[in-house]
Amino acid sequence: EDQVTQSPEALRLQEGESSSLNCSYTVSGLRGLFWYRQDPGKGPEFLFTLYSAGEEKEKERLKATLTKKESFLHITAPKPEDSATYLCAALNRRQAGTALIFGKGTTLSVSS
Amino acid sequence: DAGVTQSPTHLIKTRGQQVTLRCSPKSGHDTVSWYQQALGQGPQFIFQYYEEEERQRGNFPDRFSGHQFPNYSSELNVNALLLGDSALYLCASSLAPGLAGPPEQFFGPGTRLTVL
């Protein structure tokens, strides 16, 4: 069964304290690995798509990387406004549609 | 450029009732997918609509049905509501899957459904 697991469930950082969020996946043929940010009570906001192992993408203080079994979201020198839940989702090759398989997310709290 | 919009924002229903949620996709997008997100969980895929037809369906009962209109907007209908249907319902729009690779999906703000 296709599955996406995120760790840790919750992460508390001090402003400026860099860290990484983990997303491990078991998917029958990965077509894409997606990262989203979600603020409380709102819809997920698209961050990155990664397609193949070794790929990296950056946006401001965020950098996403992909291996054959997992993806990491690195947060460099975070600020309080980076506090949110970060969701990872995978798309498999078995179905040609848009059915994203989500993890439960990592809730990040950054204090000043 | 308007993003994905959903209505209503919040909805309260009682068990056994029926509900209709609405979604307008991002300009230029022709595919709409619906997701259910329970509190503390990641979104779960319900179904996808493209060219006014259901193209893919997740593990949800037939009480969940949908429709896509010629202008690409979409509705999600849920019949015989159960307490467990209380959740945030998210609509995501994208271009249709194709040779260029998996499409990026952009989400709306969601509709918070509470079933009493």
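Residues numbered from 1 in each chain as written. Chains lettered and ligands numbered in written order. Predicted model: local features only at pLDDT ≥ 70, side-chain atom pairs only at ≥ 80, totals over all residues. Heavy atoms only, no water.

**Observations regarding the interface of chain B and chain A**
Short version of the rule: Residue contacts are defined here by distance: any two heavy atoms, one from each residue, within 4.5 Å place the two residues in contact. What gets called buried area is simply the loss in accessible area from a 1.4 Å probe that two parts show on being joined, summed for both. Salt bridges are defined by distance alone: a side-chain nitrogen of Lys or Arg within 4 Å of a carboxyl oxygen of Asp or Glu. Any pair of nitrogen or oxygen atoms within 3.5 Å is treated as a polar contact; in protein, a donor-acceptor pairing is required on top of that, and neighbouring residues in sequence qualify only through side-chain atoms on both sides. For the purposes of this entry, the term helix denotes a DSSP run of H or I that reaches at least four residues, the term strand denotes a run of E that reaches at least two, and both are numbered from the N terminus.
Residue-level contacts link 23 residues of chain B with 23 residues of chain A. A buried area of about 1800 Å², summed over both sides, lies between chain B and chain A, and 56% of it is on carbon and sulfur atoms. Between chain B and chain A we count zero salt bridges in total. Linking chain B to chain A there are eight residue pairs in polar contact (both at pLDDT 80 or more). Those elements that place two or more of their residues in the side of chain B that touches chain A are strand S4 (31-37), strand S5 (44-50), strand S9 (87-94) and strand S10 (106-107) of chain B.

**A word on the packing of aromatic side chains**
The condition that has to hold: Only centres within 6.5 Å qualify two rings of Phe, Tyr or Trp (six-membered ring in Trp) as a pair; their planes then separate them into stacked at under 30 degrees, edge-to-face at over 60, and tilted for everything else. Relative accessibility under 20% of the residue-type maximum defines a buried residue, over 50% an exposed one, and the middle range a partly exposed one, all with a 1.4 Å probe and only protein chains included.
Within the structure shown, the criterion is met by 10 aromatic pairs over all chains. Judged by centre distance (5.8 Å) and plane angle (75 degrees), the rings of Tyr36 of chain A and Phe46 of chain A are edge-to-face. One end of the pair, Tyr36 of chain A, is in strand S4 (residues 30-38); the other, Phe46 of chain A, is in strand S5 (residues 45-50), with 10 residues separating them in the sequence. For the pair shown, Tyr36 of chain A and Phe46 of chain A are each scored as buried. Consider the rings of Phe47 of chain B and Tyr49 of chain B, whose centres lie 5.3 Å apart with planes at 90 degrees: the pair is edge-to-face. Tyr49 of chain B carries the same exposure label as Phe47 of chain B, and that label is buried. A connected cluster of aromatic rings, assembled from ring pairs, spans Tyr36, Phe46 and Phe102 of chain A together with Tyr35, Phe45, Phe106 and Phe107 of chain B.

**Thoughts on the sheet that holds strand S6 (residues 56-59) of chain A**
Residues and elements named next belong to chain A. For clarity, the cut-off: We call two strands paired when DSSP finds no fewer than two bridges between them. Axis geometry follows a simple rule: fit a line to the C-alpha atoms, using only the stretch in contact for helices, then measure angles between N-to-C directions, giving values from 0 to 180 degrees.
An order of S1-S3-S8-S7-S6 is seen for the five strands of this open sheet, with the pairing classed as antiparallel. Each of the sheet's edge strands pairs with one partner strand only, and the pair in question is strand S1 (3-7) and S6. If you compare each strand with its neighbour and ignore which way they point, the axes differ by 15 degrees on average. Both strand S3 (residues 19-26) and strand S8 (residues 70-75) contribute to a ladder of six bridges, which runs antiparallel. The residue bridging Asn22 from the neighbouring strand is Phe72, located in S8.

**Digging into the state of the cysteines**
A disulfide bridge is the covalent bond that connects two cysteines by way of their sulfur atoms. Threshold: When the sulfur atoms of two cysteines come within 2.5 Å, that pair is taken as a disulfide.
Tallying each qualifying case throughout the model produces two disulfides over all chains. Across the disulfide, Cys23 of chain A is cross-linked to Cys88 of chain A (sulfur-sulfur distance 1.9 Å). Taking the torsion about the S-S bond as the criterion, the Cys23 of chain A to Cys88 of chain A disulfide, at about -55 degrees, is left-handed. Note that Cys23 of chain A is positioned in strand S3 and Cys88 of chain A in strand S9 (residues 84-92), a separation of 65 residues in sequence. Among the residues examined, Cys88 of chain A registers a relative accessible area of 0% and is labelled buried. Between the sulfur atoms of Cys23 of chain B and its disulfide partner Cys91 of chain B the distance amounts to 1.8 Å.

**Structural notes on the environment of Lys42 of chain A**
Tracing the chain through its elements places Lys42 of chain A in the loop between S4 and S5. Of the residues examined, Lys42 of chain A reaches a relative accessible area of 51% and is grouped as exposed. If near-sequence neighbours (up to four positions away) are discounted, Lys42 of chain A is found in contact with Leu88 and Pro109 of chain B.

**Observations regarding the environment of Cys91 of chain B**
Residues and elements named next belong to chain B. Tracing the backbone shows Cys91 in strand S9. Of the residues examined, Cys91 reaches a relative accessible area of 0% and is grouped as buried. Sequence separation between Cys91 and Arg22 is 69 residues; the distance between their C-alpha atoms is 8.6 Å. Among residues more than four places away in sequence, those in contact with Cys91 are Val4, Gln6, Cys23, Val32, Ser33, Trp34, Phe106, Phe107 and Gly108.

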